[in-house]
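If you want the building blocks of each chain, they are given just below.
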Amino acid sequence: MKIVKKILLLLLVAFVIAQFFGPEKNEGSLESVNAFLEETKPPEHVKTILEQACFDCHSDATRYPWYSNITPVNYWMADHVKHGTKHFNVSKWEGSSVKRKDHKMEELIEMVEAKEMPLPSYTWSHGEAKLSEQQIEEVLKWANQVRTMYALAPRPQ
């Protein structure tokens, strides 16, 4: 029994020490999404959906809840954000080609249509990010309009 207590005490000490370390946070400004919003012109209700369900993981302006300061949750969240911004980062929209932007919008449509985004692990703690059928339809309608705009845009020869 003494060995179990020593192991538990050692684990507790390691847990406490781990709280002093953590990954770098993705805390840019929401202004970083302005180019995306200005170009894609989402209606106000779609913009709200994007802010609540997408921008935390798909921009350089993540809003961190209080529990994101607890190790190992902070590493788990940092990994989600890293992967999210790697695949689709609206803060890096301005420098992308029309072809890339169109492809990213196509991916957005596929993921939202398949109900793979937002991730269930995100909606557990962010209930406002869980999309209703109507919200899904609104996002898809807007995204398809954006793709139409890109299809009509002149492309470099």
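An account of the accompanying structure is given in this report. Just so it is clear, the model here is predicted, and its values are computed rather than measured.

**Focus: the environment of Tyr150**
With respect to the helices and strands, the residue Tyr150 is situated in helix H8 (residues 133-152). Taking relative accessible area as the criterion, Tyr150 reaches 3% and is therefore assigned buried.

**Section: the layout of surface pockets**
The method is simple in principle: a probe with the dimensions of a water molecule rolls over the atoms, and the space it marks as empty is what remains. Taken as a whole, the largest pocket encloses approximately 460 Å³ of empty space. Residue lining of the largest pocket: 23 residues in total, with His58, Gly84, Phe88, Met111 and Met117 positioned closest to the centre. Mapped by element, the contributors of at least two residues to the lining of the largest pocket are helix H3 (44-53), helix H4 (55-58), helix H5 (73-87) and helix H6 (98-113). Here the residues of the lining of the largest pocket sort into 15 nonpolar, five polar and three charged.

**Some remarks on the environment of His58**
Among the secondary structure elements, His58 is positioned in helix H4. Taking the C-alpha atoms as reference points, His58 and Ile7, 51 residues apart in sequence, are found 40 Å from one another. Beyond its immediate stretch of four places on either side in the chain, His58 contacts Gly84, Thr85, Phe88, Asn89, Val90, Ser91 and Met117. A distance of 2.9 Å separates a polar side-chain atom of His58 from the backbone oxygen of Phe88.

**Observations regarding the pattern of salt bridges**
A complete count under the given rule lists six salt bridges for this structure. For the salt bridge of Lys101 with Glu39, the shortest nitrogen-to-oxygen distance reads 2.9 Å. Of the two residues, Lys101 is situated in helix H6 and Glu39 in helix H2 (residues 34-40); the sequence distance between them amounts to 62 residues. The exposure class of Lys101 is buried, given its relative accessible area of 7%. Asp102 is paired through a salt bridge with Arg147; the nearest N and O atoms lie 2.7 Å apart. With Asp102 in helix H6 and Arg147 in helix H8, this residue pair connects regions lying 45 residues apart in the sequence. What makes Asp102 buried here is its relative accessible area of 14%.

**Some remarks on the nonpolar core**
Membership of the largest hydrophobic core comes to 27 residues, with the highest contact counts inside it found for Phe36, Phe55, Met105, Leu108, Val112, Val139 and Trp142. When residues in this core are grouped by element, the largest group, seven residues, is from H8. Non-local contacts of Trp142, meaning those with residues more than four positions away in its chain, are made with Phe36, Thr40, Lys41, Pro42, Pro43, Val46, Leu50, Met105 and Leu108.

**Considerations on the packing of H3 against H8**
The description of two helices packed together rests on the angle between their axes and the distance between the axes. Close contact between H3 and H8 brings their axes to 10 Å; oriented N to C, the two are set at 105°. Judged on the interaxial angle alone, H8 and H3 are roughly perpendicular. Contact with H3, carried on its side by His45, Val46, Ile49 and Leu50, involves Gln135, Glu138, Val139 and Trp142 of H8 and no other residues of that element. Partitioning the contact of H3 with H8 into residue classes produces five nonpolar, two polar and one charged.

**A closer look at the packing of H6 against H8**
At a minimum axis distance of 9 Å, the contact between H6 and H8 shows a crossing angle of 160°. Classified by the interaxial angle, the pair formed by H6 and H8 is roughly antiparallel. Judged by the twist between their axes, the crossing of H6 over H8 is left-handed. On H8, the residues touching Val98, Lys101, Asp102, Met105, Glu106, Leu108, Ile109, Val112 and Glu113 of H6 are Ile136, Val139, Leu140, Trp142, Ala143, Asn144, Val146, Arg147 and Tyr150. Classifying every residue of the contact of H6 with H8 by side-chain character gives 12 nonpolar, one polar and five charged.

Reading the values: the criteria
Residues numbered from 1 in each chain as written. Predicted model: local features only at pLDDT ≥ 70, side-chain atom pairs only at ≥ 80, totals over all residues. Heavy atoms only, no water. Helix = DSSP H or I, 4+ residues; strand = E, 2+ residues; numbered from the N terminus. Buried < 20%, exposed > 50% of the residue type's maximum accessible area, 1.4 Å probe, protein only. 1 Å grid on protein atoms, 1.4 Å probe; cavity = no way out; pocket = protein on both sides within 12 Å on 5 of 7 lines; lining within 4 Å. Points joined across faces, edges and corners; volume = space filled by probe spheres on them. Nonpolar A, V, L, I, M, F, W, Y, C, P; charged D, E, K, R; others polar. Contact = heavy atoms within 4.5 Å. Polar contact = N/O pair within 3.5 Å; in protein donor to acceptor, adjacent residues only side chain to side chain. Salt bridge = Lys/Arg side-chain N within 4 Å of Asp/Glu carboxyl O. Core = buried A, V, L, I, M, F, W, Y, C linked by side-chain atoms within 4.5 Å. Axes fitted to C-alpha atoms, helices over the stretch in contact; angles between N-to-C directions. Parallel < 35°, antiparallel > 145°, perpendicular 65-115°, else oblique. Left-handed = near helix turned anticlockwise from the far one by under 90°.

Structural measurements only, silent on function.
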